[in-house]
Amino acid sequence: MTDQKRIYLDYAATTPLLDVARKATLEGFEQWANPSSPHADGRSAQSMLENARNRFKSALDWDGDVVFTSGASEAVNIALNHSKPDNQYVSPVEHDVVLRSATGAKQLPVDMNGMVTPMNLNHVLKSAEGRALVVVQSVNNETGVMQDLAALGKVCRDRGAVLLADCAQSAGKMPLPDADMIVIAGHKFGGPPGVGALLVKDLKLLNPTGGQEQGYRSGTENLPYIMAMTAALEAPKTWAGRATELRQHLDDAIKKEGGAVVAENAPRIATIASYHMPGVAANTQLIRFDMAGFSVSAGSACSSGTLKTSHVLQAMGVEESISKEVIRVSIGRDTSRSQIYAFVEQWKSIFNQARRA
């Protein structure tokens, strides 16, 4: 259990399980039969699964199909390795799991904010041979920068391309984009880890490979976690306005104290921001913040322990010396003003001590 005296500001990595999700998990464990079994117990579990699927679609306002998975990583793998388009185009600021799965994909250019511009995408697709699969995240997991998926989606439709949107950081916080396939991660909005979904507008985009989920995924569905993820998605989102206010205060305070906001002028989600503390290594900051009781990170939780330069900042053209001094702060539904104020005071303390040294 997390120490309640600590201040958790790493919601982009994972979020605490909501009470409604915990309750739904227990309800799901009461129905332990396999949804694929033909007997009465199996049919009962199947009924609960389909009820959760319909609620899940309704909560997201999605009228296509839903393939439940073990998480966003599996959803990405299915979309990239079992879809029918001939060529893949991936932005260089995508999550690590996308870049690892998209072997042989061509890279899309991004601007200084890490954004794929409609003009550049149109130029790339104009010369593409065969049908293209374009992979662009809705919100960057390190910087919070939001891609203009409405404009990019239009380019894809005009060029006959398929758009895959990684919405791990935006689902449950923002409306879904108009994309052909969408990746969801349950633990990013108060559900449990180990469950997610691939939303598919038309299942004909995929080659069937498994026995479950209409033949598009192998493995028994995790009914308790699917029910928990659905319940978390249905939870009220009244905290969104507060997150915007807190992130703005944080931006202003960091700049006032001599720090810098990464991609400050780009459209950014209220829940994620990256900050540069001049002259202080990110690793040093993380240690100091951790010792003071603050949970923050340097880039993605999947790669923050590797001490590698962020590929996101590198793609944006940020100097390596600067990118090694950047940390990420992410806000959630439980973040309070007092926690943000306390973080700012600790940031000032670390920075001032480093300057005196």
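Given the structure is predicted, the values throughout are model-derived calculations rather than measurements.

**Observations concerning the packing of helix H5 (residues 118–126) against helix H6 (residues 149–158)**
Packed helix pairs are characterised by how far apart their axes lie and by the angle those axes make with each other.
Here is step 1 of the chain: Packing of H5 against H6 brings their axes to within 9 Å, and their N-to-C directions diverge by 20 degrees. Relative to H6, the element H5 lies roughly parallel. The handedness of the crossing between H5 and H6 is right-handed. Facing H5, whose interface residues are Pro-118, Leu-121, Asn-122 and Leu-125, H6 presents Ala-151, Leu-152, Val-155 and Cys-156.
Here is step 2 of the chain: For the contact of H5 with H6, a count of residues per class yields seven nonpolar, one polar and no charged.

**Focus: the pairing of strand E8 (residues 196–200)**
Here is step 1 of the chain: Along E8, five of the five residues are buried, which leaves the element largely enclosed by surrounding structure.
Here is step 2 of the chain: Going residue by residue along E8, you find Gly-196, Leu-198 and Val-200 tucked away on one face and Ala-197 and Leu-199 tucked away on the opposite face as well.
Here is step 3 of the chain: Taken together, the five bridges between strand E7 (residues 181–185) and E8 define a ladder with antiparallel strand orientation. Paired with Ile-184 across the bridge in E8 is Ala-197.

**Quick word on the sheet that holds strand E10 (residues 272–276)**
Here is step 1 of the chain: With antiparallel pairing, the three strands of this open sheet are ordered in space as E9-E10-E12. Each end of this open sheet is capped by a strand with a single partner; those strands are strand E9 (260–261) and strand E12 (326–330).
Here is step 2 of the chain: The pairing of E10 with E12 spans five bridges and is antiparallel. Paired with Ala-273 across the bridge in E12 is Val-329.

**Quick look at the state of the cysteines**
Here is step 1 of the chain: The full count for this structure, using the stated rule, is zero disulfides.
Here is step 2 of the chain: Cys-156 carries a free sulfur, and the closest cysteine sulfur to it, the one in Cys-167, is 13 Å from it.
Here is step 3 of the chain: Here Cys-156 falls in the buried class, since its relative accessible area comes to 1%.

**Focus on the side chain of Ser-170**
Here is step 1 of the chain: By the element assignment, Ser-170 lies in the loop between strand E6 (162–166) and E7.
Here is step 2 of the chain: At a separation of 2.5 Å, a polar atom in the side chain of Ser-170 contacts the side chain of Ser-138.
Here is step 3 of the chain: The residues contacting Ser-170, other than those within four sequence positions of it, are Ser-138 and Val-139.

**As for the packing of aromatic side chains**
Here is step 1 of the chain: This structure, assessed with the given rule, holds six aromatic pairs.
Here is step 2 of the chain: Between Phe-294 and Phe-343, the aromatic rings sit 6.0 Å apart at their centres with planes inclined by 70 degrees, giving edge-to-face as the arrangement. Placement of Phe-294 in strand E11 (residues 294–295) and of Phe-343 in helix H12 (residues 337–356) is noted, with a sequence separation of 49 residues between them.
Here is step 3 of the chain: Owing to a relative accessible area of 7%, Phe-294 belongs among the buried residues under this scheme.
Here is step 4 of the chain: Through pairs of rings, three or more aromatic residues link up here, namely Phe-289, Phe-294 and Phe-343.
Here is step 5 of the chain: Seen from the ring of Phe-351, Arg-355 lies directly overhead, with NZ or CZ sitting 4.1 Å from the centre.

**Brief notes about the sheet that holds strand E5 (residues 132–137)**
Here is step 1 of the chain: Pairing is mixed across the open sheet formed by seven strands, whose spatial order is E2-E8-E7-E6-E5-E3-E4. Edge positions in the sheet fall to strand E2 (65–69) and strand E4 (106–107), since each of these pairs with one other strand and no more.
Here is step 2 of the chain: Its contacts with the sheet put helix H2 (residues 40–60) on E2, E7 and E8, and the angle it makes with E2 is roughly 115 degrees.

**What to know about the nonpolar core**
Here is step 1 of the chain: Formed by 58 residues in total, the largest nonpolar core has its most connected members in Phe-56, Leu-121, Leu-125, Val-134, Ile-182, Ile-184 and Leu-199.
Here is step 2 of the chain: The element contributing the most residues to this core is helix H7 (residues 223–234), with eight residues.
Here is step 3 of the chain: Ile-184 has contacts with Phe-56, Leu-60, Gly-71, Ala-72, Ala-171, Leu-176, Phe-189, Gly-196, Ala-197 and Leu-199, leaving out every residue within four places of it along the chain.
Here is step 4 of the chain: Core analysis: the next-biggest nonpolar cluster, separate from the first, contains 28 residues, Ile-7, Leu-246, Ala-270 and Phe-351 among them.

**Looking at the packing of H2 against H7**
Here is step 1 of the chain: One can describe the packing of H2 onto H7 by two numbers: an axis separation of 9 Å at closest approach and a directional angle of 25 degrees. By the angle between their directions, the pair H2 and H7 is classed as roughly parallel. Relative to H7, the crossing made by H2 is left-handed. Where H2 abuts H7, its residues Ala-45, Met-48, Leu-49, Ala-52, Arg-55, Phe-56, Ala-59 and Leu-60 lie against Leu-223, Ile-226, Met-227, Met-229, Thr-230, Ala-231, Leu-233 and Glu-234.
Here is step 2 of the chain: Classifying every residue of the contact of H2 with H7 gives 13 nonpolar, one polar and two charged.

Conventions we followed
- Residues numbered from 1 in each chain as written.
- Predicted model: local features only at pLDDT ≥ 70, side-chain atom pairs only at ≥ 80, totals over all residues.
- Heavy atoms only, no water.
- Axes fitted to C-alpha atoms, helices over the stretch in contact; angles between N-to-C directions.
- Helix = DSSP H or I, 4+ residues; strand = E, 2+ residues; numbered from the N terminus.
- Parallel < 35°, antiparallel > 145°, perpendicular 65-115°, else oblique.
- Left-handed = near helix turned anticlockwise from the far one by under 90°.
- Contact = heavy atoms within 4.5 Å.
- Nonpolar A, V, L, I, M, F, W, Y, C, P; charged D, E, K, R; others polar.
- Buried < 20%, exposed > 50% of the residue type's maximum accessible area, 1.4 Å probe, protein only.
- Pairing = 2+ DSSP bridges.
- Disulfide = S-S within 2.5 Å.
- Polar contact = N/O pair within 3.5 Å; in protein donor to acceptor, adjacent residues only side chain to side chain.
- Phe/Tyr/Trp six-rings, centres within 6.5 Å; stacked < 30°, edge-to-face > 60°.
- Lys NZ or Arg CZ within 6 Å of the ring centre and 35° of its normal.
- Core = buried A, V, L, I, M, F, W, Y, C linked by side-chain atoms within 4.5 Å.

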